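# Results of the structural survey
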Amino acid sequence: MARQTQTKSASKKKKASKMKTTKKKASSAQSKKKATPKPAPKLGLSNELLLQMHRLMVKSRALEERLIKIYKTGEAFFWIGGPGEEAYGVPLGLLANKGQGPKHDYFHLHYRCTPTMVALGMPMIDSIRLIMNRSTDTSTGGRNFSNHYCYPEWNVVPVGSPIEVQYQMAIGTAHVQKRHKAGAVTIVTGGDAGSAEGDFASCLVWASRPANPLPILITVQNNGWGISTDYDGQHGETSITDRGKAFNMRTRVINGNDPIESYIALQEEMEYIRKEQKPVLLEAKVSRLYGHSSASGANFVQNEDCCINMFEERLMRAGLLTEDDASQIKAEYEAEARAAQEQVRLEPSPQKETLWDHVYTDGENGDWRKF
Ligand SMILES: Cc1ncc(C[n+]2csc(CCOP(=O)(O)OP(=O)(O)O)c2C)c(N)n1
Ligand SMILES: [Mg+2]
């Protein structure tokens, strides 16, 4: 009996101490939870990323507006660029696997991709050297238009002036990447009007062959215009991406004026391409904030949506940015762009001796006079 009582009381004690331990565990878990509160991201992405994207968007806009001023004051012959496409172009640059060679992503860009280049890390002065045609311009040696970038170290192949040829060329790097099996993708960008050209159709055909589909992100930045011809009069298809459906290709239309939607969509589509090694056709609806180019005046267009203004309003409502922060960031980048222009003014123009550098025919410098 005594033994029984002892056993009972021992088991009671054990139970009690077990309960205590469980309670202790629960309360320590609670206190741990309290010690490291994880605020849910207010706008779907981390606050750091949102503020990083905002800064890069403002930087890209400040650079483009400086390029326009350089043109308007007669210090450049021509301007074309991407103000209005920051909310789409910046996420595209941030999400890339940057580097040289087929194990990294390839970029076949067009002339509205300053936001992507800024997100990749291009210094402002590079773009200013290009538009001011200085020999220090690393993209073209001072011999091409603004926004015609070339960065072999980041797989940014030279931007061409004939529109859409990049869609055909992109097939080549996508083929190589597929063979390397490193999960890298080829990214090709262009405009809505240009999608009428044969190169675009060829790209859809070659990207989607069932025997060898390619890891390629085919994008169209649809601003509703081809110089002065509007979209509605030219396109029988409702969306440009509808054309991808005929090739059983994964397609997506996004609001390219929304950096959060753009980032999330691009991340999902790039992950799909890396994993499945198949193409995606993506259309981003964007604004054209300064018209086509300097050929159409390069003046601010009042009735277009401005992605930076809209993003700043959201960041302010979420308590992530104040008006003072926004004007300070803008002033900082405007000053950087102005200082870069002042430096570039002192740099030399290309000389006649270098005219045929990097031009090759049959392995020789291609002086057309000697053909
Ligand atoms: C092969 C070729 N045809 C015509 C032109 C002249 N051109 C330059 S830009 C442009 C409009 C392109 O519009 P879109 O593709 O929508 O791009 P956006 O300029 O609107 O971004 C045209 C026709 C050219 N550069 N190359
Ligand atoms: Mg267009």
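Notes on the structure follow.

The environment of ligand 1 is formed by 14 residues, the closest being Pro162, Gly191, Ala193, Gly194 and Gly226. Taken together, the residues that form the shell around ligand 1 break down as five nonpolar, seven polar and two charged.

Along its 26 residues, helix 2 (residues 47–72) runs 37 Å from first to last C-alpha, staying within 8% of the 38 Å computed at 1.5 Å per residue. A positive phi of about 80° marks glycine 74, the residue just after helix 2.

What follows is about the sheet that holds strand 2 (residues 186–188). Spatially, five strands are ordered 1-2-3-7-6 in an open sheet, and the strand pairing comes out parallel. Both edges of this open sheet fall to strand 1 (106–108) and strand 6 (250–255), since each of them pairs with a single strand only. Taking the axes of each pair of neighbouring strands and ignoring which way they run, one obtains an average angle of 20° across the sheet. In this structure, strand 2 lies alongside strand 3 (residues 216–222), joined through three bridges in parallel fashion. By the bridge assignment, threonine 186 is partnered in strand 3 with isoleucine 216. Together, strand 1, strand 2 and strand 3 form the strand contacts of helix 6 (residues 165–180), whose direction differs from that of strand 2 by roughly 170°.

The end-to-end C-alpha distance of helix 6 is 24 Å, a good match for the 22 Å that 16 residues give at a rise of 1.5 Å each. When helix 6 is considered as a whole, its buried residues turn out to be Gln166, Tyr167, Ala170, Ile171, Thr173, Ala174 and Gln177. Buried residues along helix 6 sit against strand 1, strand 2, helix 7 (198–207) and strand 3. Just downstream of helix 6 lies lysine 181, where phi reads positive at about 50°.

For the rest of this paragraph, the subject is the environment of asparagine 97. Within the element layout of this structure, asparagine 97 appears in the loop between helix 3 (86–94) and strand 1. Spatially, the C-alpha atoms of asparagine 97 and glycine 183 are 9.6 Å apart, while their sequence positions differ by 86 residues. Each residue touching asparagine 97, except ones within four places of it in the same chain, is listed here: His104, Asp105 and Ala184.

Moving on: the packing of helix 2 against helix 3. The N-to-C vectors of helix 2 and helix 3 enclose an angle of 120°; their axes lie 9 Å apart at closest approach. Considering only the axes of helix 2 and helix 3, their crossing is right-handed. Residue-level inspection shows Met53, Leu56, Met57, Ser60 and Arg61 of helix 2 in contact with helix 3, the latter providing Glu86, Ala87, Val90 and Pro91. Looking at the contact of helix 2 with helix 3 residue by residue, the classes come out as six nonpolar, one polar and two charged.

So, how was this worked out
Residues numbered from 1 in each chain as written. Chains lettered and ligands numbered in written order. Predicted model: local features only at pLDDT ≥ 70, side-chain atom pairs only at ≥ 80, totals over all residues. Near = placed C-beta within 6 Å. Nonpolar A, V, L, I, M, F, W, Y, C, P; charged D, E, K, R; others polar. Helix = DSSP H or I, 4+ residues; strand = E, 2+ residues; numbered from the N terminus. Expected span 1.5 Å × (residues − 1). Pairing = 2+ DSSP bridges. Axes fitted to C-alpha atoms, helices over the stretch in contact; angles between N-to-C directions. Contact = placed C-beta atoms within 7 Å. Buried ≥ 20, exposed ≤ 12 C-beta atoms within 10 Å, placed from the backbone. Left-handed = near helix turned anticlockwise from the far one by under 90°.

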